[in-house]
Amino acid sequence: MPETPKRIELRFFRTLSGNEPVREWLLELPDDDRRRIGIDLATVEFGWPIGMPLCRAISSRRGLWEVRTDLSGRRIARVLFCVSDDRLHALHGFIKKTQKTPERDLDLAEKRMKELQRYE
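Below is a summary of the structure that appears in this document. Small disclaimer: the values here were computed from a predicted structure and weren't measured.

Cut-offs used in this document
Residues numbered from 1 in each chain as written. Predicted model: local features only at pLDDT ≥ 70, side-chain atom pairs only at ≥ 80, totals over all residues. Heavy atoms only, no water. Helix = DSSP H or I, 4+ residues; strand = E, 2+ residues; numbered from the N terminus. Rg over C-alpha atoms; globule rule 2.2 N^0.38 Å. Buried < 20%, exposed > 50% of the residue type's maximum accessible area, 1.4 Å probe, protein only. Contact = heavy atoms within 4.5 Å. Areas by Shrake-Rupley, 256 points an atom, 1.4 Å probe, with all protein chains shown as cover. Lys, Arg positive; Asp, Glu negative; His and termini not counted. Charge placed at Lys NZ, Arg CZ, Asp CG, Glu CD. Arc of directions from axis to C-beta. Polar contact = N/O pair within 3.5 Å; in protein donor to acceptor, adjacent residues only side chain to side chain. Pairing = 2+ DSSP bridges.

**Here we look at the overall build of the protein**
Scanning the protein from terminus to terminus reveals three helices and five strands. The C-alpha atoms of the protein give 14 Å as radius of gyration, which agrees with the globular expectation for 120 residues (14 Å, within 12%). For the C-alpha atoms alone, the extent of the protein along its principal axes is close to 40 × 40 × 30 Å. In the protein, which comprises 120 residues, the proportion classed as buried is 41%. At a minimum sequence separation of 6, the contacts of the protein that also span at least 24 residues come to 49%. A total accessible area of about 7,600 Å² is found for the protein, and carbon and sulfur atoms account for 51% of it. Across the protein, 24 positive and 20 negative side-chain charges occur, with their mean positions spaced 4 Å apart.

Written as structure tokens, this is what we have:
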């Protein structure tokens with residue numbers, strides 16, 4: 001049976017110094033959390049465009065999207081990304097501690113999105 005191709009490829013944002021903050025964050029997580037987030041990211045890659053409950057646009061930040069992952073212990077992970085150059089770019093990942101996404105997390109993702117567009 002032929003493999004289903006990805007509809008869009010996921011790339012991790014890379015700083016000028018070569019660090020990949022989202023990949024590094026993922027590697028610090030427990031195996032089960034990392035596996036769940038990885039499955040959700042792959043689902044987005046193979047099913048793009050995809051909507052709720054897994055993925056949604058951040059209405060207050062043009063061009064920014066989030067992948068929503070439920071973790072054990074009633075925790076919630078978010079990976080913020082943008083679509084550019086026909087790729088998904090994972091910009092920032094975090095565990096949500098409040099109902100509303102903190103502005104500092106949105107600001108960081110938006111800053112990285114602008115950096116990404118500057119160097120493409």
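There is more to say after this.
**Things to note about helix H1 (residues 21-28)**
Regarding H1, the residues found buried are Pro 21, Val 22, Trp 25 and Leu 26. Projected down its long axis, H1 carries its buried residues within an arc of 135 degrees, all on one side. Projecting away from the buried face of H1 at angles above 90 degrees are the exposed residues Leu 27 and Glu 28.

**Examining the side chain of His 92**
You can see His 92 is positioned in strand S5 (residues 87-96). Among the residues examined, His 92 registers a relative accessible area of 10% and is labelled buried. A distance of 2.7 Å separates polar atoms of two side chains, one belonging to His 92 and the other to Asp 105. Look past the residues within four positions of His 92 in its chain and what remains in contact with it is Val 22, Arg 78, Val 79, Leu 80, Asp 105, Leu 108, Ala 109 and Arg 112.

**Section: the pairing of strand S4 (residues 75-84)**
The buried fraction of S4 amounts to seven of the ten residues, a majority that puts the element mostly inside the structure. Pairing between strand S3 (residues 65-71) and S4: seven bridges, direction antiparallel. Each residue of the ladder has a partner; that of Arg 68, found in S4, is Arg 78. Two elements, S4 and S5, share nine bridges in a ladder whose sense is antiparallel. Bridging from a neighbouring strand, Ile 76 pairs with Lys 96 of S5. The hairpin turn running from S4 into S5, its antiparallel successor, is two residues long, and Asp 85 in that turn takes a positive phi close to 55 degrees.

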